[in-house]
Structures are given as structure tokens and as C-alpha cells.
Amino acid sequence: MSSLKRSSNLAARMARWSANHRKKAIFGWLGFAIVLFAINMTSPVKTIVFETSGPGESGRADTILYEDFKQPAGEEVLIQSDSLTTDDPAFKAAVQAVIAGVSELDAVAEVKSPFDAENSGFISADKHSALVPMEIRGPSEDAADKVDPIVARVAEVQKANPQLYVGSFGESTNKALQASFKDDLKRAGLFSIPLTLIILLVAFGALVAAGIPLLLGLTSVLATLGLVALISQALPMSDSVSAIILLIGLAVGVDYTMFYLKREREERAAGRSEEAALEAAAATSGRSVLVSGSTVLVAMAGMFFTADATFASFGVATMTVVAVAMLGSLTVLPALLSKLGDTVDRGRVPFVHRLRRDDGEGRIWGAIIDRVLRRPLVSAVLAGGLLIALAVPAFQLHTAQPSIDTYPQKFLGTYNRIKAAFPGTENATVVVIKASNVEAPAVREAIGELKRRALATGAMNEPVDVDTNAAKTVVAIAIATEGDGTDSVSNAALTTLREDIIPATVGALPATEVAVTGMTASTRDFAEQMKTVAPLVFGFVLLFAFGLMLVSFRSVVIAAKAVLLNLLSVAAAYGILVLVFQHGWGKGLLGFEFTGGIDPFLPLLLFVILFGLSMDYHVFILSRIREAYDKGMSTDEAISHGIKTTAGVVTSAAIVMVGVFAIFATLQAMILKQFGVGLAAAILIDATIVRAILLPATMKLLGDWNWYLPKWLEWLPHLEHGGSVEKVEAPPASVPTG
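This one's a predicted model, so the numbers in the text were calculated from it and none came from an experiment.

Peer 1: Looking at this model, I keep getting lost on the sheet that holds strand β1 (residues 74–80). Mind explaining?
Peer 2: Strand pairing in a sheet takes place through backbone hydrogen bonds and is either antiparallel or parallel in direction. Strand order in the open sheet made by the four strands is β2-β3-β1-β4, with antiparallel pairing throughout. With partners counted over all chains shown, the strands left at the sheet margins are β2 (108–111) and β4 (165–170), one partner each. Neighbour-to-neighbour, the strand axes of the sheet open up by a mean angle of 25°, direction not taken into account. Docked against the sheet, helix α6 (residues 171–204) engages β1, β3 (129–136) and β4, running at close to 65° with respect to β4. Contacting β1, β3 and β4, helix α15 (residues 413–421) crosses the sheet at an angle of about 100° to β4.

Peer 1: Honestly, the pattern of salt bridges in this entry has me stumped. Any pointers?
Peer 2: Pairing between side chains of opposite charge can happen when their charged atoms approach one another. Scanning the model with the defined rule gives 31 salt bridges in all. Its salt-bridge partner being D370, residue K644 comes within 2.6 Å of it at the nearest N-O pair. Highlighted residues: K644 in helix α22 (residues 635–665) and D370 in helix α13 (residues 363–374), separated in sequence by 274 residues. Under the relative-accessibility criterion, K644 is labelled buried at 14%. Judged by relative accessible area, which is 28%, D370 ranks as partly exposed. Here E627 and R624 are joined by a salt bridge, their closest N and O atoms 3.9 Å apart. Pair noted here: E627 and R624 are both in helix α21 (residues 602–630), with a separation of three residues, about one helical turn. One exposure class covers both E627 and R624, and it is buried. A network of salt bridges, in which partner residues are shared, links R263, E266, E267, R272, R624, E627 and K631.

Peer 1: Explain α15 to me, please; I cannot follow it from the model alone.
Peer 2: It helps to recall that an α-helix has 3.6 residues per turn; residues three or four apart then point in one direction. Inspection of α15 places T414, Y415, I418 and A421 among the buried residues, and these make up the whole buried set. The arc enclosing the buried residues of α15, seen along the axis, measures out at 135°, which places them on a common side.

Peer 1: Sorry, what's going on with the sheet that holds strand β6 (residues 460–468) here?
Peer 2: Judged by pairing direction, the sheet is antiparallel, and its four strands sit side by side in the order β6-β7-β5-β8 without closing on themselves. Since the sheet does not close on itself, it has two edges, and those belong to β6 and β8 (513–518), each with one partner. When the angles between neighbouring strand axes are averaged without regard to direction, this sheet yields 20°. In this structure, β6 lies alongside strand β7 (residues 474–481), joined through seven bridges in antiparallel fashion. Considered in β7, the bridge of T468 is made with V475. This element, helix α17 (residues 488–504), spans β5 (428–434), β6, β7 and β8 of the sheet and lies at about 170° to β8. On top of the sheet, helix α18 (residues 519–553) reaches β5 and β8; it is set at about 95° to β8, its chief contact.

Peer 1: Would you mind going over a negative patch on the surface with me for this structure?
Peer 2: A cluster of acidic residues, E51, E141, D142 and D145, forms a negative patch at the surface. Mapped onto the elements of the fold, E51 is located in the loop between α2 (22–42) and α3 (56–69). When its relative accessible area of 37% is taken as the criterion, E51 is described as partly exposed.

Parameters and conventions
Every residue gets a number counted from 1 within its own chain, in the order that chain's sequence is written. The predicted origin of the model limits local features to residues at a pLDDT of at least 70 and limits the giving and counting of side-chain atom pairs to 80 or more, whereas totals for whole chains, interfaces and linings rest on all residues. Side-chain numbers here rest on the full set of heavy atoms in the structure, without hydrogens or water. Pairing between two strands requires that DSSP report at least two bridges joining them. Numbered from the N terminus, helices here are DSSP runs of H or I no shorter than four residues, and strands are runs of E no shorter than two. Simply put, an axis is a line fit to the C-alpha atoms, just over the touching stretch for a helix, and the angle between two N-to-C directions goes from 0 to 180 degrees. Any pair of residues with heavy atoms lying within 4.5 Å of one another is described as a contacting pair. Any carboxyl oxygen of Asp or Glu within 4 Å of a side-chain nitrogen of Lys or Arg constitutes a salt bridge here. Exposure categories follow from relative accessible area, calculated using a 1.4 Å probe and restricted to protein chains: below 20% of the type maximum is buried, above 50% is exposed, and the middle band is partly exposed. In this description, one arc is meant: the one made by directions from the helix axis to the C-beta atoms. Patch membership requires more than 30% relative accessible area and the absence of a salt bridge. Residues of like charge join within 9 Å; the nonpolar side chains Val, Leu, Ile, Met, Phe, Trp and Tyr join within 5 Å. Accessible areas in this description were obtained via Shrake-Rupley with a 1.4 Å probe; residue shielding takes into account the shown protein chains only. Only four residue types enter the charge count: Lys and Arg as positive, Asp and Glu as negative, with His and the chain ends excluded. By convention, charge coordinates are those of NZ in Lys, CZ in Arg, CG in Asp, or CD in Glu.

See the structure below:
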């Protein structure tokens, strides 16, 4: 393959090796994916112990409870009647039936009766409801396997007492929610694959060509799952990494392959030989994959600056799947294309294939871009104004840990009844006290005073549940708190507890460690940590992205504009999240009622992922523009040529991403729903308003200033932006119709 020896960039050299060693590249990749997937199946991912990974004071409290208390999982049984009260014999009999029934089970370690004096808080104020809390024997992580007999026993009591409501909430609810979450992910995977294939069939018009990007994306995901399983033995992962790997892996795997394959097909249609077409694709699109992939890796690396275990695991997972997809695109893909040649167009889809243009230009986008370039100032003002308008709501962005109210209501029947009968129980604030002896009179007196002062605020109510560990070194005081856990009422109660009540009571005890946890405390502590680390993450990603673009394109203007445009699209995505999940736009369509705010993980996670993914299109388009400019076109001609010839593949790639992300927006888990909406909106904005309007309009306005590089930066290396293979004059080779 002598013609493959002309380009010296890394992507072309990798393609040359793969094309000359096809069997090694193809079977090596398949073996790599199969072995790693087998490892994933036999060696499950080790997950983060969330109880020991939280930030701030709430993190310290959770760690004490996990290490010194070993709190078991629990279940609560609600007995309720509209007519009977807890004083009526029939009501009492039902309560006793629940207590007696679950006490016989091996899975139950302890049951509390609401009729005992110390448990009076488990009877509602109107005496129409009573709670029977219990502890499940053994480690909390094993509770899901033991809860079914409890649920069955409760169902028996309900059947025997049809005049009452008897239902359970707790570990059984958590088990049902986890099962629902896993079913959601399975459904997302099942829907995303055929949807991607359909989009690729429309894009390529042939079954073989459409199957290659999907195959590379899926094998990248499978290989990454195995690699992450191995990495997790040293760095535990979040239990959501599989969803992130599927999302990002399928998106970038398909994107990178489409960029490469489309360019190869375009070069063949232009009359180049199979070898020369592959060389041109490797030297251009292959290089773009290398640059954009490196930018994505840098962006994802920003997550390590959060000093948070979950973000670190997301960073490792996303960086791994992007690196694997890059490796596949630069190695096995050239080998496949070299092997298949023009048979890549086999299995043509009737009618669809006729709609495809081999020159890469899209008719619709071509017409739009012509108009944009004729009126660049108007186009830039209108498009920029629209994005700024979408970004304005982002100033109202409020983060809040999704409360249980955001979960599917079919699992929350008993919970909703408990919340109505016992206000505040759904939002417990937990005060953790660690001392050499928490049974000492001084400690008990301070706890009593803390309880009295807390109840006197009116924002904290009964029941107040006090639990002591077996060693008598740790006591946990759970206080029912007004509010939903994220609102001003809950936060005011937390402030009063931390700043006024605790310092005057248990906080004044010598040689005692006191910390507060619970939903409100955890959310606040996490938000404060994010405020501290966000400048580091943003600064790292923006600085290194600017540097990579500067080195790649030798232009300060191109690098600065790439960063600004990406920031604008991310801000617009934030604004859409606020409109949807805080103001409720489209909540009926998306199937949710209440969120309380944006998941605290999301703004930073979306920033690094969106910034990385947005660079895919930006680098691909700019590389084509720079390639044309370097070959002698004027700046205006290069802009028109570069954007028109990439419009089709960018649109197809964006539709794949938006389609996959939109599937996740339909899932029940609120973080995945918000994640899906944010990513889908941002990619749609990025591939249309930003890349097809703002980018060409601003480049047209700037003219030759686009390529400005100060003299003191002339030492930057000159990198190739195109292959050096000259176009052959022979007509295009006939392509088998398969």
C-alpha cells in the first residue's frame, strides 16, 4: 500500500499499520472486547461505599454511623383507619398482629411497639395512624434478600383486616426502586441500539456501512465495562457508571466512526482509489478524532478536581470509554475499511440510498449556510440572542438532592400516607454523637435538652428516635423535620440545629464528637464543596481545551471562539434544565411531578461531558475548514466548503446522540431524566444553532483574523490538516449493489 506512506501524522500511521496488518487489527480488537467483557461478567464492579465518601460534617456523621454503629436496614409498617383510632380494640389488635407476625421472622432483629411509653411519637396526633418500626437482622447490604417475608407477613395482616390500611415502607421500597432502576437501564439499552441503527441506515443508505459504527460503539462499551470492573478493584465506582458508559460510549463510538467512514466514502466518490481514499480519511478525519478525543479526555479529567468519589468514578469511566472508542476508530476501523473496500456499501436500503449524497453536502444545510454567510451579522445576532435568552434562566438554577417524592408514585403509596399522618418523618435530621460512654448522665441530660430545644422551634417534630450502638459509644438522634428536605424551611431548621441548639447542648460536652447528617445536611455540604471546587474544574477544562485548540489550529482566535461557543451552548442547556425541572415546562410529557431542583451532581457533570462532546463537532468542522484554507481557498470559500461538506455527517451524528440521550430522558430515575434532557438539548443546540449558524457567521465576520497567531507563538508546531494524496482523474469506481 504505497500510497498510504505519504502522510506522517499519527492517525495516518496507525491506519497504515492496521491496513497492512488487517487480521491482527480486527481479531485483536474482537479478542480485546470479548476478554474484557468476560472479565466484567465474572468480576462485578466494586461500588463506592457512599456512607464513607460524603463531604463535610454530614460525611463525618455518615462515616461514624457506618464504622461504629453498623446501623441495620429498617422497615416501617403503617396501620391506619379513617374511622377507628389507636384506642379501639380492632385497631390495637391489628397493631399487635403486625408485631407478633414479624417478630417470629428470623430476618427481624427488633420491633418497636407504638404503645410503649418511649415510642409515643409513633402514634399520629389524630390517633388514626400508628407506625411499627423494625430492624432487619444482619448487614444493611444484605437486607434486600431478607425483606420479602416481612412484606408477605404484612400482606397477611392486611388481608385479615380489610377495614384498615396496613402497608410497609423502607427496605422493601428501596428494593422495588432498585429493580425499577435496573429495568429502566435495560429498556434504555434495548431501545437505543435499534434507534441508532435506524438513524445510521438513513445516514449511509446501506446495511454494512450502518452496522460498522454501531459495532464499534457497542464493542467499545463492552470492552470498557470490563476495564472499569478491573479498575474498580482499586478505585470503587458509582453504581450509575454502566449507564454513563453506555451513553457516552455509544455516542462517541458512533460519532468517531461516522466521521472516518463518511470521509472515506466521500473520497471514493471523488475518484480516489480505495487505498488513497483510506489515506485521505485517516489523515483528515482520523486526525480530527485524535484531537477531539484528546479534548474530551481533558474535559473528563476535570472531574478529578472535585475530590469526590462519585465524580472520580464518572471521570475514570468516561475517559476509559472515550479512549477505547478512539483506539477502535484509529485501528480496527481502517483495517475493516481496507478489507471491505467498496463492499461497505452492500445491503443498500431501497429509496433511502438514493437520498444520500456522496459529496457529503446536505441540501437543506447548504441553503441555510448560504443565507448565513450572506448576512453574517444578522445571523450572529439572532442566533446569539436566542442562546443568551435560553441561558438566562440558568441564573435561577437551584440544586437539590432528589427527594423520594421524585420517584414513581406506584411505589410510594404507604410513604405518602406516612408523610401525611406524621409530618416531617420523610425528612429526618440525624444528630450523631460519639463519646467514650454515651450512657453517661451528662450525655443523656444534654440529649434530653437537645430534644426539648429542637421540638420548641416548631420546625422539628415528633417522632424523635434515639438509637445507641452496642458498644455505647455512638448515639444517633433522628428528628422529624418540617419541609421537603431541600426548601428554606428544612435549611432554616438545619442552621438552627447546627449553629444554636447543638453548641448549647451536646456540643458543649468534653471529648465528644458531634455531627449532623440527613438529606438537608448532605445536600448543603455537597453544594458547598462544589462551590469550592467548581472554579478549579472550570479553569482546568477551559485552559486545557484552549491550549489543545491553539496547538491544533495555530490560532488564538479559533481557540478562544471554540471555548466561548461551547460555554454558550452549555449555558443554554442549563437554562433549559431550569425551565423543565424547576418551572415544570413539559413535565407531563416527561412524566414527573416534583423535583425540588437540579440534582447537585448534574451541573458540573454536564459541563465536563458537554464541553467534551461539543468539541467533537467543532474540531471536525474546523479541521475541514483549515484543510481547505491550507490548500489555497480563501477564508470565505473555506468556511462555506468546510461547513457544507461536514453538515450531513454532523447532523447524522447529532441525531444519534440526541436520540440516545432522549431515551434516557424518559426513564424514571430523576438524575438520568435530567441528564438525558440536558445532554439532548445541548447537543441539538450545538449541532444546529452553534455549528450551522453562529460558527460560520462569526468566522465570516472575522475573515482572515480567524487565523491570527501572535509572533511570540510562532514556535507552535505546524500540524497537518489534510492528506497529501492528489485527486485522481479516473471516474469513481463502480460500487457493488449487494
